[in-house]
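# Coordinate analysis (summary)
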Amino acid sequence: MAWCEREYFLEGLDLQTAPDHWARLKPRHPAFIDAERRLTYADFAKLVSRCASGLRAAGLERGDIVVVMLPNWHEAPIVLFAAARVGATLVFCDEVMEEGDLALRLERVDPAFVVLARADLADAARAHAPRARIVTVRFDAPGCTTFADLLAGGADTCEPAPVDVMEDPFVIAFTSGSTGLAKGVVLSQESSLFSWRGYGRAMQCTSDDVFAVPIPLSHMFGVNMGIVLPVMFGATAVLVEKF
């Protein structure tokens, strides 16, 4: 059967609506698989709504910044699509980053939330982002909110915030800093959707595809190819933590 882009490039399909769209069409189809869990699209859409509504209930507003420092775990795409639902801006940090590099980013963006998986950086996150709520993933720390508790405080549905996909910031991607201090590059939701359409056409992606994702999800190529592209096509992503 010939590939037809009209089956996938649908009016109204974007980062806010894609999880629920595929949950309706293919609820049992695998969305994300990592070493700990296998999520169907029904699972994924529910968790995105719970995360988004949990963040909103905890005080996250449209335009607020969420710093994410996670390995290739299934929690990363949940946070990404939840932030898109709320209209927040994401800053991804490499999970092996040292405290000094993390401090630079936290102090520059002044986040409302920091989501991290390293217990050794919880104190540093509090010190360099004093107004932020720290959300810990797969560990607990004093004064922090666990990811499980964040989900428990959410609901199974969450209305999307109004966003301008062309203009509103969605990701602040920091450069490597090889010639000086790292610089933040502001990208809109449309930048990720443009990549989805371009890569999707070139590879003629379908919901039957399975993506192996060893690329760090802290890198924009990892975000666009490892998270956005599979979900926008209703495909499956296998997240590889170590490679």
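In what follows, the accompanying structure is described. (Residues numbered from 1 in each chain as written. Predicted model: local features only at pLDDT ≥ 70, side-chain atom pairs only at ≥ 80, totals over all residues. Heavy atoms only, no water.)

The backbone of Asp110 sits at a positive phi, close to 50°, despite the residue not being glycine. As for its placement among the helices and strands, Asp110 is situated in the loop between helix H4 (99-109) and strand S5 (113-116). (Helix = DSSP H or I, 4+ residues; strand = E, 2+ residues; numbered from the N terminus.)

Moving on, we come to the sheet that holds strand S2 (residues 38-40). Pairing within the open sheet is mixed, and its four strands lie in the order S2-S1-S11-S10. On the outer flanks of this sheet lie S2 and strand S10 (210-213), each paired with one strand and no other. Between one strand axis and the next, the sheet turns by 15° as a mean value, whatever way the strands run. Relative to strand S11 (residues 236-239), strand S1 (residues 30-33) is paired through two bridges, and the arrangement is parallel. Among the inter-strand pairings, Phe32 is bridged to a residue of S11, identified as Ala237. (Pairing = 2+ DSSP bridges. Axes fitted to C-alpha atoms, helices over the stretch in contact; angles between N-to-C directions.)

Turning to the side chain of Thr136, a few remarks are in order. Relative to the helices and strands, Thr136 resides in strand S6 (residues 133-136). A relative accessible area of 0% means that Thr136 is categorised as buried. Beyond its immediate stretch of four places on either side in the chain, Thr136 contacts Leu116, Ala141, Cys144, Thr145, Thr146 and Phe147. (Buried < 20%, exposed > 50% of the residue type's maximum accessible area, 1.4 Å probe, protein only. Contact = heavy atoms within 4.5 Å.)

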